[in-house]
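# A structural walkthrough
Residue-level listing of the chains:
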Amino acid sequence: MEWKDYTDFTATDFLADSFFMEWVLHPDEENCAFWEAWQQHYPEKQAVIAAARTMLSSLEYEKHQMPAESYDRIWHALHGKMDPAMPETMRYERSYHHRGWRRAAILTGVCGLLALGLYWLLKPADKRAVYTSQFGENRRLLLPDSSVVILGPHSALKATAFDGEAKTREVWLEGEAYFMVKHDAGNARPFTVHAGDLDIEVLGTEFNVNNYNGRPQVVLHSGKVALQQNARKAARIVMEPGELIEYRADNDRYVRRKVSTEKYVAWVNHTLVFENTSLKEVAAQLHHKYGIQVQFADSTLLQERFSATLKQADHKVVLRAIQEAFSVQLQQQDGNTFLISR
Amino acid sequence: MAIQSGEGHAANWQHFLGGSREAFAALYASFAPLLYNYGCKECADRRLVEDCIQDVFEYLLAHRAQLSPVTNVKAYLLKAYRRALLRKISNMRKNIPVALTDEARFEIVISPESHLIGQQSSLHRREKVAAALNALPPRMKEALFLRFYEDLSFEDIAAIMEIDQKSVYKMIYKAFDKLRRQLADFPLWALLYCLLLKP
């Protein structure tokens, strides 16, 4: 800071001074120390300072919040204009996230390098729009066809351009999302969700897809969807409302059962539901959705079963509930790591 | 959203020039809402405000190879955006009248929070100050907004508003001088009261 003699300053002079402004608008230790000491030194100046402060703090402006629909619409449009030379990257990296892509890459490798070369030569520019959400954040997306997607925390959705000429509507999901797909007249443009190894063909409907851990799980709320393993386009499984299907790539099997769908879509309203869930699984969910690490001092804790319905929940609420339910100690190790011990 | 420092934006800008979509996405996330807020203060036509945001970012994508590094991304984008918006407004005015915010441009408001926390006397004074400020010409109010809300230097404001730095300084000084006179008739105790109230 350059040295200035403030003793002759009028209120107006103070207002034009950057250091003074910094103190009023962004007080920190350094500027507070200076200005407090200065006022002690020149008590007769306190009134002038107060006047200047009043003026500055009177400057309030209405904040115009950009509507989420506009934000997404423009972002979607910008994607179509991106230079194909710009490599596609996600805003965040999670190693297991890309398992699906890696597997696809290995498969392509088996088909031969020639095929790969051809694929890259003929591949159209990636014009997919990417929507991402932060840890702990749910985002409501309005796709160009008026379908609504509620994107769960720390998730990403890529979408092809759904414009006039498009023959299909395709999206790729990492993480979790609830879909309310707009039915297309005469089913002219099918809507497909790609989740890891699974393709979900939508026939106008509401359903939840969870693909946080590379084991895509689909819960159908209403309507009809058909699932297909995407590498081997063989069996096509048609789901009924109220069903849950999880695909396990390691043994190429579908697990199918009847569920109450509310439990699986409660996250849309920031409610977390646990039903006889192991603490190991709870920790994994908190890691996916809030980016935190939960460590257990005692491995027997991992198998403890936890049941709770937590409204307006985030990781802190869940951890506090666990602490009370099992009478355990909870310690925050650093910003993102928590230790649970008996 | 995480608050990003000026250096963070400059680094994102640099990575975007190098072809990173990720950096472009970060710039969009940081500045589209900021430009929207600014645009709404300049012009009441939301469609126009949004179209210009798209134009500015499309321009960046199309001219990535020709763009050079910038230190203050916020000032750069505000300048480009203001130009795009004013050009569009003047083009449209030739054909059909555009709903401009005009007198209400860069209006100073008293937030509901200050109604809640403010003592009656302090609130009254702030209303008086706001009224005095709102009577200033829109350009003066715009300079105040850029200086005190967007935290930009006199140099950046001069570049954005396409006037010389001296005029910016003069405008802001004049605005405050007017305020000072407005406030001159307040008793000392009231001013001290305000000092104690404000953090």
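Residues numbered from 1 in each chain as written. Chains lettered and ligands numbered in written order. Predicted model: local features only at pLDDT ≥ 70, side-chain atom pairs only at ≥ 80, totals over all residues. Heavy atoms only, no water.

## Structural notes on the overall build of chain B
Across its full length, chain B holds ten helices and zero strands. Within chain B, buried positions represent 50% of all 199 residues. Intrachain contacts of chain B at a sequence separation of at least 6 include 69% that bridge at least 24 residues. For chain B, the computed accessible surface area is about 9,700 Å², with 56% contributed by carbon and sulfur atoms. (Helix = DSSP H or I, 4+ residues; strand = E, 2+ residues; numbered from the N terminus. Buried < 20%, exposed > 50% of the residue type's maximum accessible area, 1.4 Å probe, protein only. Contact = heavy atoms within 4.5 Å. Areas by Shrake-Rupley, 256 points an atom, 1.4 Å probe, with all protein chains shown as cover.)

## Some points on the overall build of chain A
Looking only at helices and strands, chain A features ten helices and 18 strands. Per-residue burial for chain A yields a buried fraction of 48% across its 342 residues. Nonlocal contacts in chain A, meaning residues at least 24 apart in sequence, comprise 51% of its contacts between residues at least 6 apart. As presented, chain A carries roughly 17,100 Å² of accessible surface, and 52% of it is formed by carbon and sulfur atoms.

## Some remarks on the packing of helix 5 (residues 68–80) of chain A against helix 2 (residues 21–42) of chain B
Between helix 5 of chain A and helix 2 of chain B, the shortest axis-to-axis distance is 11 Å and the interhelical angle comes to 150°. Viewed along their axes, helix 5 of chain A and helix 2 of chain B adopt a mutual orientation that is roughly antiparallel. Crossing of helix 5 of chain A against helix 2 of chain B: the hand is right-handed. Contacts from A:S70, A:Y71, A:I74, A:W75, A:L78 and A:H79 in helix 5 of chain A reach B:R21, B:F24, B:A25, B:Y28, B:A29, B:A32 and B:P33 in helix 2 of chain B. Looking at the contact of helix 5 of chain A with helix 2 of chain B residue by residue, the class counts come to ten nonpolar, two polar and one charged. (Axes fitted to C-alpha atoms, helices over the stretch in contact; angles between N-to-C directions. Parallel < 35°, antiparallel > 145°, perpendicular 65-115°, else oblique. Left-handed = near helix turned anticlockwise from the far one by under 90°. Nonpolar A, V, L, I, M, F, W, Y, C, P; charged D, E, K, R; others polar.)

## What to know about the environment of A:V181
Residues and elements named next belong to chain A. Looking at the secondary structure, you find V181 in the loop between strand 5 (169–180) and strand 6 (191–195). On the basis of relative accessible area, V181 is assigned to the buried category, the value being 10%. Residues V181 and F207 lie 26 residues apart in sequence; the distance between their C-alpha atoms is 8.7 Å.

## Looking at the packing of aromatic side chains
Note on aromatic pairs: each is described by the distance of the centres and the angle between the planes. Enumeration over the complete set of coordinates arrives at 22 aromatic pairs over all chains. Geometrically, the ring pair formed by A:W75 and B:F24 is stacked, given 5.9 Å between the ring centres and 25° between the ring planes. With A:W75 in helix 5 and B:F24 in helix 2, this residue pair bridges two chains. The same class applies to A:W75 as to B:F24, namely buried. Pairing A:F306 with A:F326 gives two aromatic rings, centres 6.2 Å apart and planes at 45°, and the pair type is tilted. Here the residue A:F306 occupies a position in strand 16 (residues 305–310), and A:F326 occupies one in helix 10 (residues 315–326), the gap between them amounting to 20 residues. (Phe/Tyr/Trp six-rings, centres within 6.5 Å; stacked < 30°, edge-to-face > 60°.)

## Here's the deal with helix 5 of chain A
Compared with an ideal rise of 1.5 Å per residue, which puts 13 residues at 18 Å, helix 5 of chain A spans 19 Å between its outermost C-alpha atoms and is within 8% of the ideal. Taken together, the buried positions of helix 5 of chain A are occupied by A:S70, A:Y71, A:D72, A:I74, A:W75, A:H76, A:L78 and A:H79. Looking at the buried residues of helix 5 of chain A, the elements they touch are strand 1 (129–132), strand 2 (139–142) and strand 4 (156–159) of chain A together with helix 2 and helix 3 (46–62) of chain B. (Expected span 1.5 Å × (residues − 1).)

## Comments concerning the packing of helix 9 (residues 279–290) of chain A against helix 10 of chain A
All names here are of chain A. Their axes nearest at 11 Å, the elements helix 9 and helix 10 cross at an angle of 165°. By the angle between their axes, helix 9 is roughly antiparallel relative to helix 10. Regarding helix 9 and helix 10, the two cross each other, and that crossing is left-handed. Seen from helix 9, the contacting residues are L279, V282, L286 and Y290; seen from helix 10, they are H315, V318, L319, I322 and F326. When the residues that make up the contact of helix 9 with helix 10 are grouped by side-chain class, the tally is eight nonpolar, one polar and no charged.

## Remarks on empty space enclosed by the protein
Where empty space is left in the structure can be found by rolling a water-sized probe over the atoms. Residues and elements named next belong to chain A. A complete count under the given rule lists three cavities of 30 Å³ or more for this structure. If you trace the second largest cavity, you find it lined by G136, N138, P153, W267, H270, L272, K289, Y290 and A313. Each of two domains, domain 2 (68–263) and domain 3 (270–341), supplies a minimum of three residues to the lining of the second largest cavity. (1 Å grid on protein atoms, 1.4 Å probe; cavity = no way out; pocket = protein on both sides within 12 Å on 5 of 7 lines; lining within 4 Å. Points joined across faces, edges and corners; volume = space filled by probe spheres on them. Domains from an automatic or database assignment.)

## A closer look at the pairing of strand 1 of chain A
Residue and element names in this part refer to chain A. Both faces of strand 1 are covered, namely the face carrying A129 and Y131 and the face carrying V130 and T132. Judged from the four bridges that link them, strand 1 and strand 4 form a sheet pairing that is antiparallel. Bridge pairing in strand 4 places T132 opposite A156. (Pairing = 2+ DSSP bridges.)

## Examining the side chain of B:E58
Along the chain, B:E58 turns up in helix 3. Apart from residues no more than four positions distant in its own chain, B:E58 is found in contact with A:L78 and A:K81.

## Description of the confidence of the model for chain A
Mean pLDDT over chain A: 79, with 82% of residues reaching 70 or higher. Within the model, pLDDT remains below 50 along residues 89–124 of chain A, and this stretch shows 37 contacts once partners closer than five positions in the same chain are excluded. (pLDDT = per-residue confidence, 0-100.)

## Regarding the nonpolar core
One broad trend across soluble globular proteins is that nonpolar side chains are buried collectively. Counting 82 residues, the largest nonpolar core has A:F20, B:F57 and B:L144 as the members making the most contacts within it. Per-element accounting of this core gives the leading share, 13 residues, to helix 2 of chain B. Those residues within four positions of A:F20 in sequence are excluded, and the remaining contacts are A:F14, A:L15, A:W35, A:I49, A:A52, A:R53 and A:L56. (Core = buried A, V, L, I, M, F, W, Y, C linked by side-chain atoms within 4.5 Å.)

## Topic: the state of the cysteines
Residues and elements named next belong to chain B. All told, the structure shown has zero disulfides over all chains when counted by the stated rule. Not part of a disulfide, C52 finds its nearest cysteine sulfur in C43, a span of 7.9 Å. Looking at C52, the relative accessible area reads 0%, which means it is buried. (Disulfide = S-S within 2.5 Å.)

## Observations regarding the pairing of strand 11 (residues 236–239) of chain A
Residues and elements named next belong to chain A. What you see with strand 11 is a clean split: I237 and M239 sit on the buried side and R236 and V238 on the side with no burial. Alignment of strand 10 (residues 225–229) against strand 11, held across four bridges, turns out to be antiparallel. In the sheet register, V225 faces strand 11, and the bridge partner there is M239.

## Describing the confidence of the model for chain B
Residues and elements named next belong to chain B. This prediction gives chain B a mean pLDDT of 77; 73% of its residues lie at or above 70. Here helix 10 (residues 188–197) stands out as the least confident element of chain B, with mean pLDDT 43; helix 3 is the most confident, with 93. Listed scores for the predicted complex are pTM 0.52 and ipTM 0.78.

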